[in-house]
Amino acid sequence: RGEYVPQPVECLTCGTRRKVSLADLDAGSAALCWTCTYGIRTDEPHRIYHVHFPALRAMKVGLTHARHDRRLVAHELAGGVVLATATVADRSTARRVERELIAKYKPWATTDLGTAELPQGGWTETWRDDAPALDLAAEVARISA
């Protein structure tokens, strides 16, 4: 598909999957495996979070490792207000909860947000703040049961 097109790869150390282009590998500029570099394991506890961006009139759901708050701080620095967090057993559970919540709020999905509005990323997991309220704890309990 081309040497500059990111291809699916699996870390030989931890098994985490990601995408890397052959050109980046050849040039030695491919990013190191995030899981190995930061010592984050997919089988460790992760958090689901719910953030409101008042200036953007948007809500966001996301996931992060339970060991640190870097992702939450990045959203707060971008004007977000963390409304709730919930800890789950592992990354796969966190991803399942995140996917189901995004699907639930799809009718209210934002279509006008991108890197300019959310430079820290995550605009694909946002919806308008006039959507029905999210009870994160109840949803996590329901989905991860």
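In what follows, the structure referred to is the one given above.
Throughout what follows, the structure given in this document is the object of discussion. (Residues numbered from 1 in each chain as written. Predicted model: local features only at pLDDT ≥ 70, side-chain atom pairs only at ≥ 80, totals over all residues. Heavy atoms only, no water.)

A separate point is the packing of helix H4 (residues 91–104) against helix H5 (residues 136–144). If you want to describe how two helices pack, look at the angle between their axes and the distance between the axes. As a packed pair, H4 and H5 sit with axes 10 Å apart at the nearest point and diverge in direction by 115°. Note on packing geometry: the crossing formed by H4 with H5 is right-handed. Along its contact with H4, which presents Thr93, Arg96, Val97, Glu100, Leu101 and Lys104, the element H5 presents Leu136, Glu139, Val140, Arg142, Ile143 and Ser144. Classifying every residue of the contact of H4 with H5 by side-chain character gives five nonpolar, two polar and five charged. (Axes fitted to C-alpha atoms, helices over the stretch in contact; angles between N-to-C directions. Helix = DSSP H or I, 4+ residues; strand = E, 2+ residues; numbered from the N terminus. Left-handed = near helix turned anticlockwise from the far one by under 90°. Contact = heavy atoms within 4.5 Å. Nonpolar A, V, L, I, M, F, W, Y, C, P; charged D, E, K, R; others polar.)

Take the nonpolar core next. Within the largest apolar cluster, 16 residues are counted, with the highest numbers of intra-cluster contacts made by Ile48, Val97, Leu101, Trp127, Leu134, Leu136 and Val140. Within the residue set of this core, elements represented by two or more residues are strand S4 (58–65), strand S5 (81–88), H4 and H5. (Core = buried A, V, L, I, M, F, W, Y, C linked by side-chain atoms within 4.5 Å. Buried < 20%, exposed > 50% of the residue type's maximum accessible area, 1.4 Å probe, protein only.)

The next subject is the sheet that holds S5. As summarised here, the arrangement of the four strands in space is S5-S3-S4-S6, forming an open sheet in which the pairing is antiparallel. Edge positions in the open sheet fall to S5 and strand S6 (126–128), since each of these has one partner strand only. Direction aside, the axes of adjacent strands within the sheet are offset by 20° on average. With eight bridges connecting them, strand S3 (residues 46–53) and S4 associate as antiparallel partners. By the bridge assignment, His46 is partnered in S4 with His65. Here H4 sits on the sheet in contact with S3, S4 and S5, set at roughly 170° to S4. Sheet strands in contact with H5 are S3 and S5, and its direction is about 25° off that of S5. (Pairing = 2+ DSSP bridges.)

Counted at 1.5 Å a residue, the expected span for H4 with its 14 residues is 20 Å, and the 20 Å between its end C-alpha atoms agrees. Among the residues of H4, those classed as buried are Thr93, Ala94, Val97, Glu98 and Leu101. Along the axis of H4, the buried residues cluster in a sector spanning 135°; they form a single face. In this structure, the buried side of H4 is in contact with S3, S4, S5 and H5. (Expected span 1.5 Å × (residues − 1). Arc of directions from axis to C-beta.)

Counted under the stated rule, the structure contains nine salt bridges. Across the pair Arg57 and Asp129 runs a salt bridge, and its minimum N-O distance is 3.5 Å. Here Asp129 lies in the loop between S6 and H5 and Arg57 lies in the loop between S3 and S4, a separation of 72 residues in the sequence. Asp129 sits in the partly exposed class, given a relative accessible area of 22%. The network of salt bridges with shared partners includes Glu100, Lys104, Glu139 and Arg142. (Salt bridge = Lys/Arg side-chain N within 4 Å of Asp/Glu carboxyl O.)

Bringing the pairing of S3 into the picture now. When you tally the buried positions in S3, you get eight out of eight residues, the bulk of the element. With burial as the criterion, each face of S3 is covered, one bearing His46, Ile48, His50 and His52 and the other bearing Arg47, Tyr49, Val51 and Phe53. Between the end of S3 and the start of S4, which pair antiparallel, lie four residues, with Arg57 showing a positive phi angle near 55°. Pairing of S3 with S5, which is carried by seven bridges, proceeds in the antiparallel orientation. Directly across from His50, in S5, lies its bridge partner Ala84.

This part is about the packing of aromatic side chains. The tally for this structure, following the rule as stated, stands at two aromatic pairs. Centroid distance Tyr105 to Trp108: 6.0 Å. Interplanar angle 55°. Geometry classified as tilted. Using a relative accessible area of 2% as the deciding quantity, one classes Tyr105 as buried. Consider the rings of Tyr105 and Trp127, whose centres lie 4.3 Å apart with planes at 10°: the pair is stacked. Residue Tyr105 is found in the loop between H4 and S6, and its partner Trp127 is found in strand S6; the two are separated by 22 residues along the sequence. Per residue, the accessibility class of Tyr105 equals that of Trp127, and both read buried. Through a chain of ring-to-ring contacts, the aromatic side chains of Tyr105, Trp108 and Trp127 assemble into a single cluster. (Phe/Tyr/Trp six-rings, centres within 6.5 Å; stacked < 30°, edge-to-face > 60°.)

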